[in-house]
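# Summary of the model geometry
Now for the letters of each chain:
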Amino acid sequence: MKLSTKILTTISSAALVACLSFTKGENDVCTQTGELSKTAPGVQVFTSNSDGDVPLAGSPYGYEMWTEGGNNNTLTWFGPDQGGGAAFRTEWNQPHIYLGRVGYFWDEDKPYTEYKNIYCDFNYTRSGRNTAGGHSYIGIYGWTRDPLTEYYIVEDWYGNERRSDTLPVDTNTTRGKIVGNFTVDGAVYDIVVNTRIEQPSIDGRTTFYQIFSIRQTPRQCGTISVTEHFKKWKELELPLGDRMYECKFLVEAGSGTGWFEASYLTFTQEDLPCNK
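The text that follows walks through the structure, step by step, so that each part is easy to find. (Residues numbered from 1 in each chain as written. Predicted model: local features only at pLDDT ≥ 70, side-chain atom pairs only at ≥ 80, totals over all residues. Heavy atoms only, no water.)

Attention now moves to the sheet that holds strand S5 (residues 88–93). Reading across the sheet, the 6 strands line up as S1-S4-S5-S16-S7-S13 and stay open at both edges, with antiparallel pairing between neighbours. A strand with exactly one partner marks an edge of an open sheet, and here the two such strands are strand S1 (44–46) and strand S13 (221–225). Pairs of neighbouring strands in the sheet enclose a mean axial angle of 20°, with direction left out of account. As paired elements, strand S4 (residues 74–77) and S5 share 4 bridges and run antiparallel to each other. For Thr76, the partnering residue across the bridge sits in S5 and is Arg89. Packing of helix H4 (residues 226–235) onto the sheet brings it into contact with strand S7 (117–126) and S13, and relative to S7 it is tilted by some 115°. (Pairing = 2+ DSSP bridges. Helix = DSSP H or I, 4+ residues; strand = E, 2+ residues; numbered from the N terminus. Axes fitted to C-alpha atoms, helices over the stretch in contact; angles between N-to-C directions. Contact = heavy atoms within 4.5 Å.)

This brings us to unusual backbone geometry. With an omega dihedral of 0°, the bond running from Asp146 to Pro147 counts as a cis peptide bond. Here Pro147 is to be found in the loop between strand S8 (136–145) and strand S9 (149–156). If you check the backbone angles, Gln94 has positive phi at about 55° while not being a glycine. With respect to the element layout, Gln94 can be found in the loop between S5 and strand S6 (97–105). Phi is positive for Glu198, which is not a glycine, with a value near 50°. By secondary structure assignment, the location of Glu198 is in strand S11 (residues 187–199).

See the structure below:
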């Protein structure tokens, strides 16, 4: 059956309204700079490992914090009513490794195609370069199973002794090899694949894959079209598993003393791509 032009226009307009109402344009996101209250109702402060995902009350999100060593490592969630509902602050002090993250948790037997089109809007400030040790990543993070894969969409980092934070993370930090690149959200992302042998994972110490999309122009605010990365990885026949565990916004630090604070952070799942 052929749809009329009027019907097609109505469908297109409805999709556009949905995208605009749930996902801000980059200019709007980058103006979300107000300081959030640490004493508002719903704020929670976590000071120890979460031992897996922990639901955050009143929101669609969960958090995980995992650290080896160090002291005074914390994750503060600003609650469901501030900064887009996922905004958090995290601090670390000389850990061997630190990961703090907030976002969607599923742990289901479903591929990424079952979760519509995922977007993340973000705006944050952070401590300066060389405050996160030998490696660091800021951006989207998660795991899949079948096969077991750890994935990253790296928007920014803290730099290290080998490379400034004004330049993108490279394979001296991630290891592995570059297998392609593509353009989305106004920038080129290099795609890196790596294999970790007998290392800690969501399934204990084992061997697993890593996939990275690394933005070549680091940024601290904007919109991440998460599903577009999944599509590209599948197009390149990379080992993104068919069972999605999570999709969260991550701050990872390999030692150092530093901090991160989001003034705005939110995730949405749209029926149609929003052409960000």
